[in-house]
Amino acid sequence: MSQEYTRDELVARLVRAGELKVSGEDQAEVDTYFDPEKFRFHGPDGFESDYAGLTDYFAAIRSAFDDRSIRRGFVVVEGEFAACQTWIEGTFVREFTQSPVGPLPPNGQRVVFDLLNLFRFDDQGRLVEEWMRTDYRSLQRQLGAEGR
């Protein structure tokens, strides 16, 4: 576990980082929850990204979806790792440029990104790695991209 943070503080940092990524309200504060130089994202189907890529992805979500929210479910912390359920929701009202199948036109529907995440913190309580899994079939159906 981080030398500077308790389990509850790490969970609070994780929750706040997600809220800020989804809302886009304060990029400078978001950056304090990550190590932008070392951060690595590992997604489904071998997708890999750095912090800039993650930032761009969330900008695309904010651009495409209105009335966004994020919820965390169970959070389990063990040492430097935290695993949790995450739901990101929004109304699909503008083109989503970073969908799993490429750019998609809006369909006006409420979309739920249903995720399982595993995060790794450094000894300063910053996020340095994330592994994410989701049901892309359900997501594609919600986005109106079944069969693509």
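No experiment lies behind these values; they were computed from the predicted model shown.

(A) Focus on unusual backbone geometry. For D45, which is not glycine, the phi dihedral falls at a positive 60 degrees. Locating D45 in the fold gives a position in the loop between β1 (40-42) and β2 (48-50). Phi at D67 takes a positive value of approximately 55 degrees, unusual for a residue other than glycine. Note on placement: D67 falls in strand β3 (residues 65-78). Classification of D67 as exposed rests on a relative accessible area of 57%.

(B) Expanded view of the sheet that holds β1. Spatially, β2-β1-β6-β5-β4-β3 is the arrangement adopted by the six strands of the open sheet, whose pairing is mixed. Two strands in the sheet have a free side with no partner beyond their single neighbour: β2 and β3. Neighbour to neighbour, the strand axes of the sheet diverge by 25 degrees on average, direction disregarded. For strand β4 (residues 81-92) and strand β5 (residues 110-121), the ladder comprises eleven bridges, and the chain directions are antiparallel. Paired with I88 across the two strands is F113, which belongs to β5.

(C) Representation of the packing of aromatic side chains in the model. The full count for this structure, using the stated rule, is twelve aromatic pairs. A centroid spacing of 5.3 Å and a plane angle of 80 degrees characterise the contact between F34 and F39, whose relative ring orientation is edge-to-face. Of the two residues examined, F34 and F39, each falls in the buried class. Plain terms: the ring middles of F41 and F47 are 6.1 Å apart, the flat faces sit at 65 degrees to each other, and that makes the pair edge-to-face. Accessibility expressed as a relative area gives 8% for F41, which makes it buried. For F47, a relative accessible area of 48% translates into the label partly exposed. Grouping aromatic residues by their ring pairs yields a cluster made of Y57, F58, F65, F92, F96 and F113. One residue, R13, lies across the ring of Y5, its end atom 4.7 Å from the ring centre. We note K21 situated over the ring of F34; from NZ or CZ to the ring centre the distance is 5.4 Å.

(D) Region of interest: the pattern of salt bridges. For the coordinates displayed, the defined rule picks out ten salt bridges. Here R94 makes a salt bridge to D66, at a shortest N to O gap of 2.5 Å. Placement of R94 in the loop between β4 and β5 and of D66 in strand β3 is noted, with a sequence separation of 28 residues between them. With a relative accessible area of 29%, D66 lands in the partly exposed category. For the salt bridge of R110 with E89, the shortest nitrogen-to-oxygen distance reads 3.7 Å. Taken together, the residues R110 in strand β5 and E89 in strand β4 connect sequence positions 21 residues apart. Judged by its relative accessible area of 18%, E89 is buried. Among the charged side chains, a salt-bridge network with shared partners connects R16, E19, E25 and E29.

Quick notes on the rules
Along each chain, the written sequence defines residue order, and numbers are assigned to residues from 1. This being a predicted model, a pLDDT of at least 70 is required before a residue's local features are given, and a value of 80 or more before pairs of side-chain atoms are given or counted; all residues contribute to the totals for chains, interfaces and linings. Side-chain metrics in this entry use all non-hydrogen atoms of the structure; hydrogen atoms and water are not considered. Strands are runs of DSSP state E lasting at least two residues, helices are runs of H or I lasting at least four, and both sets are numbered from the N terminus onward. Categorising residues by exposure relies on relative accessible area from a 1.4 Å probe, with only protein chains included: less than 20% of the type maximum marks a residue as buried, more than 50% marks it as exposed, and the intermediate range marks it as partly exposed. Note: two strands are recorded as paired if DSSP finds a minimum of 2 bridges between them. The convention used is that axes are lines fitted to C-alpha atoms, helices contributing only their stretch in contact, and that angles between N-to-C directions extend from 0 to 180 degrees. Within 6.5 Å between ring centres, the rings of Phe, Tyr and Trp (the latter by its six-membered ring) count as paired, and their orientation is classed by plane angle as stacked under 30 degrees, edge-to-face over 60, tilted in between. Our definition puts a charge over a ring when NZ of Lys or CZ of Arg is within 6 Å of the ring centre and also within 35 degrees of the ring normal. The working definition used for a salt bridge is a side-chain nitrogen of Lys or Arg within 4 Å of a carboxyl oxygen of Asp or Glu.

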